[in-house]
Structures are given as structure tokens and as C-alpha cells.
Amino acid sequence: MYSEKVMDHFKNPRNMGEIENASGVGTVGNAKCGDIMRMYLDIDENGIIRDCKFKTFGCGAAVATSSMATELVKGKTIKEALEVTNKAVMEALDGLPPVKVHCSLLAEQAIHAALWDYCEKHNIKIDGLEKPVNDIEELEEDEDE
Ligand code: FES
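Residues numbered from 1 in each chain as written. Predicted model: local features only at pLDDT ≥ 70, side-chain atom pairs only at ≥ 80, totals over all residues. Heavy atoms only, no water.

Peer 1: Go over the sheet that holds strand E2 (residues 36-43) with me, naming the residues and quoting the values.
Peer 2: Taken in spatial order, the three strands line up as E1-E2-E3 in an open sheet, and their pairing is antiparallel. This sheet does not close on itself; its edge strands, each paired only once, are strand E1 (24-29) and strand E3 (49-57). Averaged over all pairs of adjacent strands, the angle between their axes in this sheet comes to 15°, without regard to strand direction. Looking at chain direction, E1 and E2 are connected through six bridges and run antiparallel. Paired with Gly26 across the strands is Met39, a residue of E2. (Pairing = 2+ DSSP bridges. Helix = DSSP H or I, 4+ residues; strand = E, 2+ residues; numbered from the N terminus. Axes fitted to C-alpha atoms, helices over the stretch in contact; angles between N-to-C directions.)

Next comes the structure, spelled out in C-alpha cells:
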């Protein structure tokens, strides 16, 4: 069901953990499955992503996609990191079963949310980067209902 790459990133996740005083942090959740993903970015003065770490409370595919996403955005500029879509993450993992596509979407959204956080702190506007909609507050509100 899962590719070797997915299994590898699930069993040996890369860049798991957090970055203290991160330049940008983004937390997103999927209200349906309840999984939560948090991305930390360390961005240098030239706008290059020096480091990226993640914490994921979720399914195996969510762990694998976060792990791959951190590997893909490292060393990239903010604009380049925006191109790390869920499709790019899935391709890098040699695919995901259809029912697990939403897990990769969470990875894309978490990166965007962390980039948004960084850009907001630095008053930077980037075309194509929008305020994260699927953020954790929404998830918590859903839980309260
Ligand atoms: Fe929801 Fe994987 S089942 S993120």
C-alpha cells in the first residue's frame, strides 16, 4: 500500500523536533481526522531556509509527508518553498494512496502557515502566499462545538 520511501520517512523521520526562536512557525490541523502538524522554519538574513523541523500528531502518512516536506524546503528561498506543494511532496515519496492525499495537503499547509508567520513578522508580501485558513484555532473551535 505504501511506497518504500513513505515507509522509510515514517520509520526514520528527518528533522523531527522544534526550533527554538524559529523565524516562522505554522500549525495546521485537519478537522476530520484530527491530525495536527507544526512546522518550524529558521530563515537567514538572505531569506534562505537554513533549517526546518516538524512535529506531527497524526497518522503515518502525515509523519512521512512532514518529514519529506522539511527535506524539500531546506536550502530554498521563500518563493521556492512555496512551490513545495502537496503534489511535489507526494511525488518525492513515490506516491500516496488516494485516502492519504489529505495528509500531504497538511504538509503543504503547514509550510505555508510557517512562511506566512515569518512574512507577517517581517512585513513581507509574497505573491501566492495567503493567510492560512486551516489553522489550529479553527480546529479547536470545531472541537468546542
Ligand atoms: Fe489525517 Fe493522515 S489521516 S493527516
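Peer 1: Any details on the environment of Ile78? Residues and values, ideally.
Peer 2: For Ile78, the location among the structural elements is in helix H3 (residues 78-82). For Ile78, a relative accessible area of 7% corresponds to the buried category. (Buried < 20%, exposed > 50% of the residue type's maximum accessible area, 1.4 Å probe, protein only.)

Peer 1: Lay out the packing of helix H1 (residues 4-11) against helix H2 (residues 60-73) with the relevant residues and their values.
Peer 2: Close contact between H1 and H2 brings their axes to 8 Å; oriented N to C, the two are set at 90°. With respect to H2, the axis of H1 lies roughly perpendicular. Residues Val6, His9 and Phe10 of H1 lie in contact with H2, whose contacting residues are Gly60, Val63, Ala64, Ser67, Met68 and Glu71. Looking at the contact of H1 with H2 residue by residue, the class counts come to five nonpolar, three polar and one charged. (Parallel < 35°, antiparallel > 145°, perpendicular 65-115°, else oblique. Contact = heavy atoms within 4.5 Å. Nonpolar A, V, L, I, M, F, W, Y, C, P; charged D, E, K, R; others polar.)

Peer 1: Run through the nonpolar core, naming residues and quoting values.
Peer 2: Met37, Met39, Leu41, Ile49, Val73 and Leu115 are the most contacted members of the largest nonpolar core, which totals 38 residues. Counting residues per element, the ones that place at least two in this core are E2, E3, H2, H3, helix H4 (86-92) and helix H5 (101-121). Of all the elements, H5 adds the most residues to this core, at 10 residues. (Core = buried A, V, L, I, M, F, W, Y, C linked by side-chain atoms within 4.5 Å.)

Peer 1: Any chance you could break down the packing of H2 against H5 for me, citing the residues and the numbers?
Peer 2: Here H2 crosses H5 at 40°, and the two axes come no closer than 8 Å. Taken together, the axes of H2 and H5 lie oblique to each other. The two elements H2 and H5 meet at a crossing, and its hand is right-handed. Within the contact between the two elements, H2 uses Ala61, Ala62, Thr65, Ser66, Ala69 and Val73 and H5 uses Cys103, Ser104, Ala107 and Ile111. The residue inventory of the contact of H2 with H5, partitioned by class, reads seven nonpolar, three polar and no charged. (Left-handed = near helix turned anticlockwise from the far one by under 90°.)

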